[in-house]
Amino acid sequence: MSPEDAHKELQAYEAKIKAEGLESFPKHAAERSDCSSFRNQGDLGHFGRGDMQKPFEDATFALQVGEMSPIVSTDSG
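What comes next concerns the included structure. Just so we're clear, the structure is a prediction, and the values are computed from it rather than from any experiment.

1. Comments concerning unusual backbone geometry
The phi torsion at Gln41 lies on the positive side, around 55°, for a residue other than glycine. Tracing the sequence through the fold places Gln41 in the loop between helix H2 (25-32) and helix H3 (54-61).

Pasting the structure below:
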């Protein structure tokens, strides 16, 4: 899948999650995630600074509990 197509797909999921509420995130992560976290419905568990790719880490640590970041691009997608 091209980066542009992936971004469009992510935008569609982002819209669904916003419309359905953040509690729908695990359902959507489990059905589509290509990350090993899909087994845990998208839950990455606890991680600290320096454990993730910088763009993801920066977006994550800027959030309050219960917030969803915009789409974040990293070297792995």
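The discussion continues.
2. Topic: the packing of aromatic side chains
The full count for this structure, using the stated rule, is two aromatic pairs. Measuring from ring centre to ring centre gives 6.1 Å for Phe47 and Phe61, while their planes differ by 80°; the resulting arrangement is edge-to-face. Taken together, the positions of Phe47 in the loop between H2 and H3 and Phe61 in helix H3 put the pair 14 residues apart, joining distant regions of the chain. For Phe61, a relative accessible area of 34% gives the class partly exposed. The residue whose ring lies beneath Lys16 is Tyr13, and the NZ or CZ to ring-centre distance is 4.8 Å. We note Arg49 situated over the ring of Phe61; from NZ or CZ to the ring centre the distance is 4.2 Å.

3. Examining the environment of Val72
Mapped onto the secondary structure, Val72 falls in the segment after H3. Using a relative accessible area of 25% as the deciding quantity, one classes Val72 as partly exposed. A sequence separation of 67 residues divides Val72 from Asp5, and the C-alpha atoms of the two residues are 15 Å apart. Setting aside residues up to four positions removed in sequence, Val72 forms contacts with Pro55, Phe56, Ala59 and Gly77.

4. Section: the pattern of salt bridges
Throughout the structure, instances matching the rule amount to five salt bridges. A salt bridge links Glu14 to Lys18, with the shortest nitrogen-to-oxygen separation between them at 3.8 Å. Separated by four residues within a single helix, Glu14 and Lys18 lie in helix H1 (residues 3-20), roughly one turn from each other. Here Glu57 ties to Arg49 by a salt bridge, and the two come within 3.9 Å at their closest N and O atoms. Judged by relative accessible area, Arg49 falls into the exposed class, the value being 55%.

Rules and cut-offs
- Residues numbered from 1 in each chain as written.
- Predicted model: local features only at pLDDT ≥ 70, side-chain atom pairs only at ≥ 80, totals over all residues.
- Heavy atoms only, no water.
- Helix = DSSP H or I, 4+ residues; strand = E, 2+ residues; numbered from the N terminus.
- Phe/Tyr/Trp six-rings, centres within 6.5 Å; stacked < 30°, edge-to-face > 60°.
- Buried < 20%, exposed > 50% of the residue type's maximum accessible area, 1.4 Å probe, protein only.
- Lys NZ or Arg CZ within 6 Å of the ring centre and 35° of its normal.
- Contact = heavy atoms within 4.5 Å.
- Salt bridge = Lys/Arg side-chain N within 4 Å of Asp/Glu carboxyl O.

Limitation: the analysis is restricted to geometry and does not speak to function.
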